[in-house]
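What follows is the residue order along each chain.
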Amino acid sequence: SDNTVQVKMMDLYGNELVSYQFSADAGYFVNSLTATSDGGFLFVLDFQDYTIGDNTWASDDGYLTRVIKCDKDGKLQFDTEIDCTGTEYCFEKNEQFYVFGDCETPETKIRGVGSPTDVSMIVINKNGERINKKSIEGSDYDCLKSAEPSGECFVLSISSQSDDKDFTG
């Protein structure tokens with residue numbers, strides 16, 4: 001069923017500055033968000049699969065994580081779909097938005113089972129266009145534990161069970 005989701009940006013005293021409301025399937029939730037330099041905000045609407053019953057999963061009809069940007073008045077600026085779940089960090093830097101998380105490996109995805117993941121970064125420009133995607137990959141479970149900006153780069157803390165591809169040695 002659909003849920004009504006409302007994202008609010010508030011000041012330090014709890015006063016509402018701006019909000020955005022929309023409907024989403026019960027499998028979707030706000031997983032990361034950030035205030036933006038233009039006074040608005042950006043958040044990631046992520047997906048977590050669940051069973052509906054009779055061997056039916058919410059993901060059977062497909063799903064996509066969405067990166068949503070609102071302006072300082074709460075008006076939608078863009079709603080960009082990305083092919084990753086488990087997005088936990090988002091940053092604005094150099095007029096671009098960087099979204100970090102874990103992506104299940106499509107080749108090993110098993111319906112209803114958490115599959116091996118790769119760590120991914122997706123870059124979205126200020127118009128909502130996906131302009132780049134980078135992954136740190138192995139054949140096992142590789143999970144992002146934290147991400148933070150550091151100068152012109154980002155520092156990632158990763159837990160990896162892989163010992164091949166990007167994790168060789």
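Description of the structure in this document. (Residues numbered from 1 in each chain as written. Predicted model: local features only at pLDDT ≥ 70, side-chain atom pairs only at ≥ 80, totals over all residues. Heavy atoms only, no water.)

1. Brief notes about the overall build of the chain
Phase 1: Within the chain one finds 0 helices and 14 strands.
Phase 2: For 169 residues, the compact-globule estimate of 2.2 N^0.38 gives 15 Å, and the C-alpha radius of gyration of the chain, at 17 Å, lies within 12% of that figure.
Phase 3: In terms of overall dimensions, the chain has a C-alpha envelope of 50 × 45 × 30 Å along the principal axes.
Phase 4: A separation of at least 24 residues holds for 40% of the contacts in the chain among residues at least 6 apart in sequence.
Phase 5: Taken together, the 14 basic and 31 acidic charged side chains of the chain have centroids lying 5 Å from each other. (Helix = DSSP H or I, 4+ residues; strand = E, 2+ residues; numbered from the N terminus. Rg over C-alpha atoms; globule rule 2.2 N^0.38 Å. Contact = heavy atoms within 4.5 Å. Lys, Arg positive; Asp, Glu negative; His and termini not counted. Charge placed at Lys NZ, Arg CZ, Asp CG, Glu CD.)

2. Considerations on the side chain of D118
Phase 1: Topologically, D118 is positioned in strand β11 (residues 117–125).
Phase 2: For D118, the side chain forms a polar contact with the main-chain nitrogen of G138, separated by 3.4 Å. (Polar contact = N/O pair within 3.5 Å; in protein donor to acceptor, adjacent residues only side chain to side chain.)

3. Some thoughts on the sheet that holds strand β9 (residues 87–93)
Phase 1: Spatial ordering of the open sheet is given by β9-β10-β11-β12, a layout of 4 strands whose pairing is antiparallel. Lying at the two open borders of the sheet, with one neighbouring strand each, are β9 and β12 (130–136). Going from strand to strand, the sheet's axes swing by 20 degrees on average, the running direction of each strand aside.
Phase 2: Pairing geometry for β11 and β12, over 6 bridges, is antiparallel. Bridge assignment links V119 to a residue of β12, and that residue is I136. (Pairing = 2+ DSSP bridges. Axes fitted to C-alpha atoms, helices over the stretch in contact; angles between N-to-C directions.)

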